[in-house]
Structure formats: structure tokens, C-alpha cells
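Inside the fold
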Amino acid sequence: MTATYLAEHAWLPGGLASGVRLTVADGRFTAVETGAGGGAGGAGGAGAGSDVRLAGVVLPGFANAHSHAFHRALRGRTHDRGGTFWSWRERMYAVASRLDPDSYLALARATFAEMALAGVTSVGEFHYLHHGPSGVPYDDPNAMGRALIEAARQAGIRITLLDTCYLAGGLSAEGYAPLSPEQQRFGDASAEAWAARVAALDGGGADGGGGAPGALVGAAIHSVRAVPREALSTVVRAAQGRPLHVHVSEQPAENAACLAAHGMTPTALLADAGALGPLTTAVHATHLTDDDVALLGAGGVTVAFCPTTERDLADGIGPARALLSAGAPLALGSDQHAVIDLIEEARALEMHERLASGQRGRLTPTQLVEALTAAGQRSLGWTDAGRLEVGARADLVAVRLDSVRTAGADPAQVVLAATASDVDTVLVDGRVVVSQGRHLLGDVASLLADAIAPLWDGG
């Protein structure tokens, strides 16, 4: 089936263009014409012939390069006691302890639907909630991972399941600590056991893994404090040829522990293990040395910043501009979902740079859109997404220019003005998932409320 869409403005690989007709067949763009029509009218309305007119500015599909779906249950629940990342983590553990495959499916489906409403077409789910209470595997050891893949399918977005190796409870000068009781659900017996479990999950998907169309299976090292040095190479070997993500230097305490135990920074330790390369994504990368920046840039490592999480948890501001200049592509994630608004993540990337440097325009709108779209899609293994061009996956996000936030804005600068509330239409692989700001599942707020409430009952 073929469909045509007429965009008033569209963000093409060569820049913003006006009057763009996009033809879609079999989930791909088959034609992209400029100078078409006389401009678009209302959202989702009929244009000339069979054209569907799209509101405002049409961007490629957004990639959420770093997500922990179950953290969505923490939004609005952790602000009454102050503290730090480490005290926030205790409440995160409490939520994790209450989830099973069925409740995780419900929560993740609603969370991924909220992402779709915000323009997300691909999510990288950094998945470490593997087993049942006390670490006892389910009858299907990958039941939780399969629930996440099914949740993404029902929400209408693609998923890269970044199955995460998590073996140790922490790192200090004395070495690695065992998993705490709260962490037992996250761990496998060894890196080899983790790799065997992931191998059982992989395969069978039309897109190259995961057992479902629109699903890929990648790998992740939780952090250098959760995966001992001698196990890193096992994970790297198991991840060969697929996306490999890792939390890097999110906290100064992590750097101090790694220096005390190994005499090098987390980035240097990962480089020593062969974990840095163009298929690797370093998440957060907040507290880096100049040598760390150079290592990541030289390896072509993508760096996924999560600005709304990094400020919510008081983590700090990472060196985005320095990393980009060194050769490290930038991507974006919503991480613990204090906010699910990838446009806000892109804007915050620039705004945090302004706060840190005292200068404006550290990242151009074009660079922000690249981080929001193509760079993030590549980091998740969707190398044929994130561009409005012939042959690419037919993902698009139409952002209104007539809201109180965007009225009067230059279309080329919409990423500095809009929010997720301005997303009108979203296509994923040619399928309309959001139309006129409404998700195909209906009332997503009710889905979220129904999934989250039982996780807090009595606690």
C-alpha cells in the first residue's frame, strides 16, 4: 500500500525544505519531492489528490537512545527527601522489587506509548531487571526481556533491547562487592551465563533479532562498578557486531573507585578491554578527563546524554561540545523518565552547554536534530532510519507551528521552541502511530496510572 504526505516544511538531509511530498510504500520512503503543493493546512487533513497534509515541521523519527522503562514509575515520587543519586537509587530498587513480567509489560507499554506521543520511533532499552525476586530465574529466563519487546510492539515503536550484564554490587579500592539483596534480580552467575541467556533471546526477528519485527537485541555493560575487569572482554566478544552500551562516569564516586582499584578512569579501563568503537555508546559520560574525551572521540564512540535525568539526579553537566569536536557523535535519551520529551533533551543539551560555558550557540539546531534523529538511530543499530530520504525507514514526526509555544518561531529553529506537546503526527515504518496528538492505544495517561498505582500501594 502506498501513501503520500505533504509537509509544509520538512527536515531533509540537505536542510530544511518547503512543500515536501513524501511517498511511503512497504515501510520505506520511495519518493521525496520538494516544491510540492501550496503549503500544508490543518493537521492530518486531505491535500491535493490523495496527499495527507502534515502540520508544521516534519522531522525524521526521534531515537530515545537510553531508557529504563520501569523508572517511569518514579516520576513525581522522589522529591520529598532530598539526597543524591545514591539515595534516589534506594527507591528505584523498591519499585524494581515489585515487578513481574505481566506488570512490567503493562508499565513498559504505557511508557513506550508516552514516548511515541513525544515523537520517539526507536527506543534503546537498557535492560537489567532480568530475574524474579531473590534472583531466581523465571521458567523462561528472558521473560522480562520478552515483555519489553512485546510492550514496544503494542506501543508501535521499534526497540533495541540492550541486555545488560550486571555482576557486582559495587567497586572500591578493596575490589568488587557482591550483589546486594536488592540487586539479585539484575545479576547472572557469570559473564558467560549472561552471554548464554542473551543468545537464547536473540534471533528470529524480521529486523535481525529479538524474536519480533521491529526488535533488535544489543548488549550493555552496566558500568565498570557492576562488571569486573576480567569479565569485560567476555561481554565485548558476545556483543561483537551489535550495539554495545555502557554507563560511563555518571558519578565522581565511580571515577574515584575505578582509579583506586585499577589506576585508571572508567573510559581508560573500557578502552583497555577493547570495548570502545563505533558500535559503542557511552551513556552520560559526565565526569571525563581530557584524555577520556580524546579516547571516546578517537574510537568514534557515540555519547548518549540524558540532560533531564542528569539534572534531576544532580549528576552534573557533561562535555558535549568537547566530545563532538573530538569526533564522538552525540545522541539523546530520557533515561529515568523524569521527563519524556526528546525535544527538551535536545534543547537541554544546548542550554546546559550555555550554563557551563557562558556562551550561546554551542550546538547548532542542525547538530541538535542530528543528535535527536540519525545519530541516535545509528547508536541503536537502525542505520537506515533517522533521515527523510528515499530508501530510509518511513519514520516521521510532524511538529506543529501554531501552538502557544511555537507560534512565530522560525521553522529551522523549532527544536529550540517546541515541546512534546506540539507533536501532532508520528509514523513508524510507515504506520501511523500518533495522529492529531492521540496515540493508537487511546488514553495513555490512564494506561500509565493503572500500571503505576499497584507498584506504590502500601509503600
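Note: the structure precedes this text.
Quantities reported herein were computed from a predicted structural model and do not represent experimental measurements.

1. Quick word on the pattern of salt bridges
Side chains carrying opposite charge are able to pair once their charged atoms draw close together. Scanning the entire structure with this criterion turns up 23 salt bridges. The shortest N-O distance in the salt bridge between Glu-344 and Arg-347 comes to 3.0 Å. Taken together, the positions of Glu-344 and Arg-347, both in helix H11 (residues 342-357) and 3 residues apart, correspond to about one turn of that helix. For Glu-344, a relative accessible area of 16% puts it in the buried group. One salt bridge in this structure joins Asp-422 and Arg-405, with 2.8 Å as the shortest N-O distance. Here the residue Asp-422 occupies a position in the loop between strand S15 (396-399) and strand S16 (423-428), and Arg-405 occupies one in the loop between S15 and S16, the gap between them amounting to 17 residues. Several salt bridges converge on common partners, so that one network encompasses Arg-28, Arg-158, Asp-384, Arg-393, Asp-395 and Asp-429.

2. Remarks on the sheet that holds strand S10 (residues 215-221)
The strand order across the open sheet built from 8 strands is S5-S6-S7-S10-S11-S12-S13-S14, with neighbouring strands paired in parallel fashion. Every other strand in the sheet has two partners, leaving strand S5 (62-67) and strand S14 (330-332) as the edge strands with one partner each. Sheet twist, expressed as the average angle between the axes of neighbouring strands with direction ignored, equals 25°. Summarising the sheet, strand S7 (residues 158-165) and S10 pair through 7 bridges and their orientation is parallel. By the bridge assignment for S10, Thr-160 is matched with Leu-216. Against the sheet, H11 touches S5, strand S6 (120-127), strand S13 (302-305) and S14, its axis set at about 140° to S14.

3. What about the environment of Asn-142?
Topologically, Asn-142 is positioned in the loop between S6 and helix H3 (143-155). Put simply, Asn-142 and Asp-402 are 260 residues apart on the chain and 45 Å apart in space, counted from C-alpha to C-alpha. Beyond its immediate chain neighbours, meaning those up to four positions away, Asn-142 contacts Asp-163, Arg-197, Ala-200 and Leu-201.

4. Quick look at the pairing of strand S11 (residues 244-248)
Within S11, 5 of the 5 residues are buried, which leaves the element mostly enclosed by the surrounding structure. Pairing geometry for S10 and S11, over 3 bridges, is parallel. Bridging from a neighbouring strand, Ala-220 pairs with His-245 of S11. Note: S11 against strand S12 (residues 280-284), 5 bridges, orientation parallel. When the bridges of S12 are listed, His-245 appears paired with Thr-281.

5. A closer look at unusual backbone geometry
Look at Ser-134: it is not a glycine, yet its phi comes out positive at around 65°. Within the element layout of this structure, Ser-134 appears in the loop between S6 and H3. In this structure Ser-134 comes out as exposed when scored by relative accessible area, which is 61%. Backbone geometry at Asp-429 places phi at a positive 50°, although glycine is not the residue there. One can find Asp-429 in the loop between S16 and strand S17 (431-435). Accessibility expressed as a relative area gives 24% for Asp-429, which makes it partly exposed.

How each quantity is defined
Residues numbered from 1 in each chain as written. Predicted model: local features only at pLDDT ≥ 70, side-chain atom pairs only at ≥ 80, totals over all residues. Heavy atoms only, no water. Salt bridge = Lys/Arg side-chain N within 4 Å of Asp/Glu carboxyl O. Helix = DSSP H or I, 4+ residues; strand = E, 2+ residues; numbered from the N terminus. Buried < 20%, exposed > 50% of the residue type's maximum accessible area, 1.4 Å probe, protein only. Pairing = 2+ DSSP bridges. Axes fitted to C-alpha atoms, helices over the stretch in contact; angles between N-to-C directions. Contact = heavy atoms within 4.5 Å.

None of this, on its own, says anything about what the molecule does.
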